[in-house]
Amino acid sequence: YQRRVHGQAINGVFKLLPLAATIDNKIFCSHGGIPRYYGPSEQDDRLTLLRNPDFPRFRSLFEPLDMSVHGKEKMERFWVAAFDLMWSDPSDDDSEMNEYGFGRSDRGNCIITFSEVAVDNFLTTNGFDLMFRAHQEKSDGLKISKSAKCLTIFSSSNYQGHGNGAGVVYVSSTGKIKMIMKEPN
């Protein structure tokens, strides 16, 4: 019983956390990646969608959606954006991407990968220089990809006994970035 109560309390806290954040309006931060988008950059409203005060606080991305407040189309757009922020990954191979730089992931249904094109379009359209993300175990805790504009930061060392290192990033008040790595076990 006590474990279940603690789990519910922890999940309640996660529900209150933002899905994304920015550092000095220059670095976009999310758990997974960037929301998918299929259209011209001048019509890209992903950041407006994320900043919408009506953006719902999902209790879970794996439960049925309540369409009663926002309607089906808007709720599905909110859900897809939230899902991508949590679970999308940089692609290892950009050859099978669509024209906007997104593709299917081998990790499962609805999960997408994003390419250098997708990162460049998102950052440029929204005035960011870099993106920080987590979500994927990296052997040294940090990995730079997508023309050095996407930094994966994995801060859990020896994740599930894998012997991986851990990484953290410090951004100074002048915008200088310091990457700190803990050696793998």
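This structure is a prediction, so every number in the text was calculated from the model and none was measured.

*Asks:* Any chance you could explain the sheet that holds strand 1 (residues 20–23) here in plain terms?
*Replies:* Adjacent strands of a sheet pair through backbone hydrogen bonds, lying either parallel or antiparallel. What the five strands build is an open sheet, ordered 1-2-6-8-7; its pairing is mixed. A single partner strand is all that each edge strand has here, and the edge strands are strand 1 and strand 7 (142–145). Each strand of the sheet is rotated relative to its neighbour by a mean of 20°, with strand direction disregarded. In terms of strand pairing, strand 1 meets strand 2 (residues 27–30) through four bridges, oriented antiparallel. Its bridge partner lying in strand 2, I23 is registered against I27.

*Asks:* Please explain helix 3 (residues 72–87) as it appears in this structure.
*Replies:* Count 3.6 residues to each turn of an α-helix, and residues three or four apart come out pointing the same way. Compared with the 22 Å implied by 1.5 Å per residue over 16 residues, the 22 Å span of helix 3 between its first and last C-alpha is a close match. Regarding helix 3, the residues found buried are M75, F78, W79, A81, A82, F83, D84 and L85. At its buried positions, helix 3 is contacted by strand 1, strand 2, helix 2 (46–51) and strand 5 (112–114).

*Asks:* Could you clarify how one ought to interpret the nonpolar core in this entry?
*Replies:* One recurring pattern in soluble globular proteins: nonpolar side chains tend to sit buried together. Residues F28, I34, F55, F58, F114 and M131 are the most contacted members of the largest nonpolar core, which totals 26 residues. Ranked by the residues each element gives to this core, the list is headed by helix 3, at seven residues. Ranked by size, the runner-up nonpolar core spans seven residues in total, among them I27, L142, L151 and I153.

*Asks:* When you look at a nonpolar patch on the surface in this model, what are you seeing that I'm missing?
*Replies:* A contiguous nonpolar surface patch, about 400 Å² in accessible area, is contributed by I10, V13, F14 and L17. One can find V13 in helix 1 (residues 2–16).

*Asks:* Where do I start with the confidence of the model for the protein chain in this structure?
*Replies:* Low-confidence regions, as indicated by low pLDDT, have predicted coordinates that should not be scrutinised in detail. Per-chain confidence: the protein chain averages 90 in pLDDT, with 99% of residues scoring 70 or above. Averaged over each element, pLDDT in the protein chain is lowest for helix 1 (76) and highest for strand 2 (97).

What counts and how
- Residues numbered from 1 in each chain as written.
- Predicted model: local features only at pLDDT ≥ 70, side-chain atom pairs only at ≥ 80, totals over all residues.
- Heavy atoms only, no water.
- Pairing = 2+ DSSP bridges.
- Helix = DSSP H or I, 4+ residues; strand = E, 2+ residues; numbered from the N terminus.
- Axes fitted to C-alpha atoms, helices over the stretch in contact; angles between N-to-C directions.
- Expected span 1.5 Å × (residues − 1).
- Buried < 20%, exposed > 50% of the residue type's maximum accessible area, 1.4 Å probe, protein only.
- Contact = heavy atoms within 4.5 Å.
- Core = buried A, V, L, I, M, F, W, Y, C linked by side-chain atoms within 4.5 Å.
- Patch = residues over 30% accessible without salt bridge, like charges linked within 9 Å, V, L, I, M, F, W, Y side chains within 5 Å.
- Areas by Shrake-Rupley, 256 points an atom, 1.4 Å probe, with all protein chains shown as cover.
- Salt bridge = Lys/Arg side-chain N within 4 Å of Asp/Glu carboxyl O.
- pLDDT = per-residue confidence, 0-100.

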